[in-house]
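# Coordinate inspection notes
Here are the chains, one letter per residue:
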Amino acid sequence: MAIKVEVFSTSTCPHCPAAIDAAEKAKAKLGDAIDVESVKIDDPENPDNRQRAMDYQIMAVPTVVIDGEVTFVGAPSEDELIDALESKL
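Definitions and limits used
Residues numbered from 1 in each chain as written. Predicted model: local features only at pLDDT ≥ 70, side-chain atom pairs only at ≥ 80, totals over all residues. Heavy atoms only, no water. Helix = DSSP H or I, 4+ residues; strand = E, 2+ residues; numbered from the N terminus. Rg over C-alpha atoms; globule rule 2.2 N^0.38 Å. Buried < 20%, exposed > 50% of the residue type's maximum accessible area, 1.4 Å probe, protein only. Contact = heavy atoms within 4.5 Å. Core = buried A, V, L, I, M, F, W, Y, C linked by side-chain atoms within 4.5 Å. Patch = residues over 30% accessible without salt bridge, like charges linked within 9 Å, V, L, I, M, F, W, Y side chains within 5 Å. Areas by Shrake-Rupley, 256 points an atom, 1.4 Å probe, with all protein chains shown as cover. Salt bridge = Lys/Arg side-chain N within 4 Å of Asp/Glu carboxyl O. Lys, Arg positive; Asp, Glu negative; His and termini not counted. Charge placed at Lys NZ, Arg CZ, Asp CG, Glu CD. Axes fitted to C-alpha atoms, helices over the stretch in contact; angles between N-to-C directions. Parallel < 35°, antiparallel > 145°, perpendicular 65-115°, else oblique. Left-handed = near helix turned anticlockwise from the far one by under 90°. Nonpolar A, V, L, I, M, F, W, Y, C, P; charged D, E, K, R; others polar.

All right, on to the overall build of the protein chain then. Tallying secondary structure elements over the protein chain gives three helices and four strands in all. Reading the helices (α) and strands (β) of the protein chain from amino to carboxyl end gives β-α-β-α-β-β-α. For 89 residues, the compact-globule estimate of 2.2 N^0.38 gives 12 Å, and the C-alpha radius of gyration of the protein chain, at 12 Å, lies within 12% of that figure. Principal axes of the C-alpha set define a box for the protein chain whose edges measure 35 × 25 × 20 Å. Across the 89 residues of the protein chain, 36% fall into the buried class. Residue pairs in contact within the protein chain that sit at least 24 positions apart in sequence constitute 63% of those at least 6 positions apart.

Following this line, the structure appears as structure tokens:
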């Protein structure tokens, strides 16, 4: 079963693109071992995203959740994220 990576972000966050980029690079390196989802909590077409953030008690973005556990608050580097993911493989 693939490791689930959720990157919570907003459209106005200046640091969120770096977190999303790190997750995409991790996906490119680890392939099917991980499943990456970008979750925009301010997307008016997906109000459930805000509830998901509240369920995780996310107070800042970007926040990276790995397999249901808040792992990074702030944008991790590509290496930090890959190390965290590889430790779960």
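All right, on to the nonpolar core then. With 17 residues, the main nonpolar core has Val 5, Val 7, Ile 34, Val 64, Ile 66, Leu 81 and Leu 85 as its most contacted residues. The dominant element in this core, judged by the number of residues it contributes, is helix 1 (residues 16–30), at six residues. Leave out the neighbours within four places in its chain, and Val 7 touches Ala 19, Ile 20, Ala 23, Glu 37, Ser 38, Val 39, Thr 63 and Val 64. Core analysis: the second largest hydrophobic core is formed by six residues, Phe 8, Val 39, Ile 41 and Ala 53 among them.

A cluster of acidic residues, Glu 78, Asp 79, Glu 80 and Asp 83, forms a negative patch at the surface. Structurally, the position occupied by Glu 78 is in helix 3 (residues 78–86).

Orientation of helix 1 relative to helix 3, taken along the N-to-C sense of each, is 50°, at an axis distance of 9 Å. Classified by the angle between their axes, helix 1 and helix 3 sit oblique to one another. Helix-helix and strand crossings are classified by hand; for helix 1 and helix 3 the assignment is right-handed. Contact residues: helix 1 offers Ala 22, Ala 23, Lys 25, Ala 26, Lys 29 and Leu 30, while helix 3 offers Glu 78, Leu 81, Ile 82, Leu 85 and Glu 86. A per-class count over the contact of helix 1 with helix 3 returns seven nonpolar, no polar and four charged.

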